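What follows is each chain in one-letter form.
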Amino acid sequence: MNLPNVNARVAVIGAGTMGIGIAQVAAGAGHPVWLFDIDAAAARQALDALGQRLRQRVQSGKADADATEALLGRIQPVESLDQLADSALVIEAVAEKLAIKQSLFRELEALCSPAALFASNTSSLSITAIGGALHHPQRLAGLHFFNPAPVMKLVEIVSGLDTSAETVAELQALTRQWGKQSVLCRSTPGFIVNRVARPFYAETLRALEEQVADAATLDAVMRDAGGFAMGPLQLTDMIGQDINYAVTESVFQAFFQDPRFTPSLVQQERVAAGRLGRKSGCGFYRYDKQAPPQIVAGLPASSAELPHSIKLHGDAAGVTLLAELLAGNAEAIIQPGQTSAFAHLDEVTFMLTNGKTASQVADETGTPVVLFDLSAQYAQASTVAISCAAQNDARHNATVVRLLQSLGKKVILLPDYPGLLVMRTLAMLANEALDVVNKGVASAADTDHAMRCGVNYPRGPLEWGASLGWRHILTTLENLQRFYGEPRYRPMPLLRHYASLSSGAQ
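Here is what the cut-offs are and how they apply
Residues numbered from 1 in each chain as written. Predicted model: local features only at pLDDT ≥ 70, side-chain atom pairs only at ≥ 80, totals over all residues. Heavy atoms only, no water. UniProt positions renumbered as here; feature names shortened; annotations may be inferred. Phe/Tyr/Trp six-rings, centres within 6.5 Å; stacked < 30°, edge-to-face > 60°. Buried < 20%, exposed > 50% of the residue type's maximum accessible area, 1.4 Å probe, protein only. Lys NZ or Arg CZ within 6 Å of the ring centre and 35° of its normal. 1 Å grid on protein atoms, 1.4 Å probe; cavity = no way out; pocket = protein on both sides within 12 Å on 5 of 7 lines; lining within 4 Å. Points joined across faces, edges and corners; volume = space filled by probe spheres on them. Helix = DSSP H or I, 4+ residues; strand = E, 2+ residues; numbered from the N terminus. Nonpolar A, V, L, I, M, F, W, Y, C, P; charged D, E, K, R; others polar. Lys, Arg positive; Asp, Glu negative; His and termini not counted. Salt bridge = Lys/Arg side-chain N within 4 Å of Asp/Glu carboxyl O. Polar contact = N/O pair within 3.5 Å; in protein donor to acceptor, adjacent residues only side chain to side chain. Contact = heavy atoms within 4.5 Å.

For the protein, an unreviewed UniProt entry supplies the name 3-hydroxyacyl-CoA dehydrogenase and the organism Serratia liquefaciens. UniProt, in the comment section headed Sequence similarities (unreviewed entry), describes the protein in these words: "Belongs to the 3-hydroxyacyl-CoA dehydrogenase family."

Here you go:
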């Protein structure tokens with residue numbers, strides 16, 4: 001069956017946000033679409049609401065009236081599963097309950113043509129387990145859209161143990177015709193995005209729990225200094241604290257309570273209190289006119305003197321990173337083979353965090369130390385996050401702040417927290433992405449593409465990790481593991497392998 005043929009009928013089961021969004025995508029590509037919900041009124045209401053939204057776009061000049069009416073005319077609510085019998089593809093977007101999905105597909109298998117394909121929009125349940133209810137599980141795959149489905153380009157195509165190559169190929173061709181960018185992955189907990197993304201939320205939630213800074217400051221570090229589109233706490237407020245927490249809990253349980261996926265107590269408390277984010281009016285921020293989310297500024301302008309001498313030491317890659325942050329205002333001393341890079345700002349050692357505290361590094365070097373956090377692109381970042389050793393004099397810290405401000409950067413001063421925030425987050429993201437590749441869940445290219453397109457990361461974690469250097473990622477995690485004494489930060493085998501290569505690259 002040639003699914004990309006626009007005459008092929010697509011059925012969507014479930015008329016919630018994802019279901020009606022998927023129906024819109026299919027109808028927008030020209031397919032006739034059946035829309036079924038166990039609550040027939042819900043299907044009609046979802047279609048009415050979609051019509052209202054799309055016609056508003058016409059009224060504002062953002063969409064063509066004839067094309068809009070044609071799209072809406074291609075979506076037909078139906079009141080019984082029997083009416084889906086002639087569908088070429090059935091996509092379910094119902095409640096995340098395994099028994100419900102299994103029962104649904106068993107019934108569909110008895111109704112639909114043997115040539116019909118089945119797809120689940122599940123974000124966390126096993127495709128293999130869902131397919132276990134079928135006599136012919138080779139016809140079932142995961143087709144995981146991201147919200148909002150009409151806007152987000154990424155679709156994860158997920159193979160269960162018995163999913164056929166032909167089914168995957170049909171769905172790849174179909175999603176391409178729908179204007180989507182697909183990635184392929186094996187059915188494991190969280191697939192690619194919901195698995196690899198866990199540390200993005202977890203490290204900021206941990207920092208909040210450990211009172212490193214308030215929510216707005218931590219989000220500013222990740223967003224304005226790190227280069228992510230949104231801070232993790234802002235993003236969980238938008239997603240819904242209950243939804244984000246449930247995904248983390250699901251992945252945690254599916255991986256036999258592996259500590260690297262441990263849910264956050266501070267997020268659990270928000271959920272228990274009903275502080276679910278935007279939809280409830282309050283999460284980590286308040287959403288009312290009287291109390292808008294706080295915007296963090298940097299430190300006040302420093303009047304300290306600029307350093308008289310700035311010298312960069314390290315291998316070419318490390319010196320390049322320092323030079324980007326310092327806008328070339330330094331003398332570079334290249335030392336091939338050196339495992340770390342640092343700057344001397346007069347007597348102050350200034351370096352990228354490697355998972356140790358600034359005070360630890362000051363003890364080792366016998367110098368004042370200021371550590372800075374990672375950024376996806378220092379030249380474009382408006383902000384730099386730093387931490388200072390307890391041994392420093394105030395003038396040492398002020399000199400570094402003055403230099404960074406002279407380069408047009410806002411400066412956020414964090415407590416002496418190991419790995420700061422962006423660096424430890426990237427180390428964990430890259431570590432998890434390498435485990436995905438090592439275990440054959442997805443290719444490196446698809447993993448990076450999924451994280452860029454599915455959750456809008458500034459760089460794919462594997463490309464970013466390779467650019468920074470796998471040895472630095474490994475060192476950061478080993479130092480965090482020693483600091484906390486927890487297996488949460490244990491490096492994955494493929495990371496150790498890449499770090500052992502002299503080039504530090506894949």
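Attention now goes to the packing of aromatic side chains. Scanning the entire structure with this criterion turns up 13 aromatic pairs. An angle of 75 degrees between the planes, with centres 5.9 Å apart, marks the rings of Phe372 and Tyr378 as edge-to-face. Given the relative accessible area of 4%, Tyr378 is considered buried. Feature note: the residues Phe200, Tyr201, Phe228, Tyr457 and Trp464 constitute an aromatic cluster, connected by ring pairs. In this structure, Arg9 is placed above the aromatic ring of Trp34, and the distance from its NZ or CZ to the ring centre is 4.1 Å.

Here we take up the layout of surface pockets. In this structure, the largest pocket occupies an estimated 1300 Å³ of space. Contributing elements (two or more residues each) for the lining of the largest pocket: helix 1 (17–28), strand 6 (140–145), helix 7 (193–196), helix 8 (198–209), helix 10 (232–239), helix 11 (241–254) and helix 17 (444–454). It is helix 11 that provides the largest number of residues to the lining of the largest pocket, a total of six residues. For the lining of the largest pocket, a count of residues per class yields 24 nonpolar, 14 polar and four charged.

This part takes up unusual backbone geometry. The residue after Asn147, namely Pro148, is reached through a cis peptide bond having omega 0 degrees. By the secondary structure assignment, Pro148 is in the loop between strand 6 and strand 7 (154–159). Phi angles above zero are rare outside glycine, and Gln257 is one such case at about 60 degrees. Relative to the helices and strands, Gln257 is located in the loop between helix 11 and helix 12 (265–272). Look at Asp346: it is not a glycine, yet its phi comes out positive at around 55 degrees. Among the structural elements, Asp346 can be located in the loop between strand 11 (342–345) and strand 12 (348–352). On the basis of relative accessible area, Asp346 is assigned to the partly exposed category, the value being 28%.

Glancing now at empty space enclosed by the protein. Within this structure, the stated rule accounts for two cavities of 30 Å³ or more. As for the largest cavity, its lining consists of Ile127, Thr128, Gly131, Pro137, Leu140, Gly160, Leu161, Asp162 and Thr163. No other element matches helix 5 (residues 127–131), which puts three residues into the lining of the largest cavity. Class assignment of the residues belonging to the lining of the largest cavity gives a composition of four nonpolar, four polar and one charged. By volume, the second largest cavity is sized at about 30 Å³. Lining the second largest cavity, in full, are Pro199, Arg260, Met428, Asn431, Glu432 and Arg488. Examining the composition of the lining of the second largest cavity, we find that three residues originate from one element, helix 16 (residues 422–438), more than from any other. Broken down by class, the residue content of the lining of the second largest cavity amounts to two nonpolar, one polar and three charged.

Positionally, Glu109 belongs in helix 4 (residues 98–111). Buried within the structure, Glu109 lacks any salt-bridge partner; Arg139 is the closest side chain of opposite charge, at an N-O distance of 4.1 Å. In terms of polar contacts, Glu109 uses its side chain to reach the backbone amide nitrogen of His135, at 2.9 Å. Not counting residues up to four positions away in its chain, the partners in contact with Glu109 are Phe118, Leu134, His135, His136 and Arg139.

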